[in-house]
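Observations on the model geometry
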Amino acid sequence: MTVEMYTVQPGDFLSAIAQRFYGDGSEAGWRKIYDANKEIIGADPAKIEPGMVLTIPGAASLPRSGGEGGDIAQRVLDLSNAERSRAGAPALSLHPQLTAAAQHHSDLMMQHNQMTHQLSGEPEMGDRISQAGYRWGGVAENVAHGQTSPEDVLSSWMNSPGHRKNLLNPEYQHLGVGFANNFWTQKFARPA
């Protein structure tokens, strides 16, 4: 089996790392990484820390973007940029810290079975993005639940005035995408 090594960055979560390498941030995805690194991480999978070097089993042999079973975050980015291009807005680029924050929020929404911009006891959106290590000058967030594909969720967001405004805002440069059991999060930002 092919393996790859990954150094944990500030704000990383196992689900975001699994999303990055496997295109699957669900428990099935992050558990592969946890099982391969239990001795390093310890008994609590939430206790990963910056600087830990994790083994990512099978990463190099799996598709990272495009195609059947490709990376969901990349597909959401591509669809978002197609809409932005039609509106004359510049393309976004995926940002790992925003993706970590988005994936964590999707995971929490899934765990609480609640679609919201802020769960009870959770920091505000801007604070969550700062905690992930991104220094921002402007941020916005889209959330959704129930859509089963990037195409479906983009269609929903484009048909909602507030979500559409975030998606097409020409000031934003970076995007983070989270997906967990049909709970979706987009984090938009421009650096400080």
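Structure first, text after, so check above.
Basis of the calculations
- Residues numbered from 1 in each chain as written.
- Predicted model: local features only at pLDDT ≥ 70, side-chain atom pairs only at ≥ 80, totals over all residues.
- Heavy atoms only, no water.
- 1 Å grid on protein atoms, 1.4 Å probe; cavity = no way out; pocket = protein on both sides within 12 Å on 5 of 7 lines; lining within 4 Å.
- Points joined across faces, edges and corners; volume = space filled by probe spheres on them.
- Helix = DSSP H or I, 4+ residues; strand = E, 2+ residues; numbered from the N terminus.
- Nonpolar A, V, L, I, M, F, W, Y, C, P; charged D, E, K, R; others polar.
- Buried < 20%, exposed > 50% of the residue type's maximum accessible area, 1.4 Å probe, protein only.
- Pairing = 2+ DSSP bridges.
- Polar contact = N/O pair within 3.5 Å; in protein donor to acceptor, adjacent residues only side chain to side chain.
- Salt bridge = Lys/Arg side-chain N within 4 Å of Asp/Glu carboxyl O.

1. A few points about the layout of surface pockets
Reported here for the largest pocket is a volume of approximately 350 Å³. Along the walls of the largest pocket sit 17 residues, with Ser15, Trp30, Ala46, Asp107 and Gln111 positioned nearest its centre. At the level of secondary structure, the elements contributing two or more residues to the lining of the largest pocket comprise helix H1 (14-22), helix H2 (27-36) and helix H5 (96-112). A per-element tally of the lining of the largest pocket places H5 first, with five residues. The residue inventory of the lining of the largest pocket, partitioned by class, reads eight nonpolar, five polar and four charged.

2. Section: the pairing of strand E5 (residues 174-180)
The element E5 is largely enclosed, with a buried count of seven among its seven residues. Along E5, one buried face is formed by His174, Gly176, Gly178 and Ala180 and the opposite face, lined by Leu175, Val177 and Phe179, is buried too. Examined bridge by bridge, strand E3 (residues 93-94) and E5 share two bridges and lie parallel to one another. Residue serine 93 lies in a different strand from E5, and its bridge partner there is histidine 174.

3. With respect to the side chain of glutamate 122
Residue placement: glutamate 122 occurs in the loop between H5 and helix H6 (125-131). What makes glutamate 122 buried here is its relative accessible area of 8%. Only 3.0 Å separates the side chain of glutamate 122 from the side chain of histidine 105, close enough to count as a polar contact. Side-chain polar atoms of glutamate 122 contact the backbone nitrogen of leucine 119, separated by 2.9 Å.

4. Remarks on the pattern of salt bridges
All chains considered together, the criterion is met by eight salt bridges. Residue lysine 38 is joined to aspartate 35 by a salt bridge in which the shortest nitrogen-to-oxygen separation is 3.9 Å. Take aspartate 35: its relative accessible area is 43%, and that puts it in the partly exposed class. Ionic pairing is found between glutamate 151 and arginine 75, a salt bridge with its closest N-O pair at 2.7 Å. Taken together, the residues glutamate 151 in helix H7 (residues 150-158) and arginine 75 in helix H4 (residues 72-86) connect sequence positions 76 residues apart. Ionic contacts of the salt-bridge type, sharing partners, join the residues Glu122, Arg128, Glu141 and Lys187 into one network.

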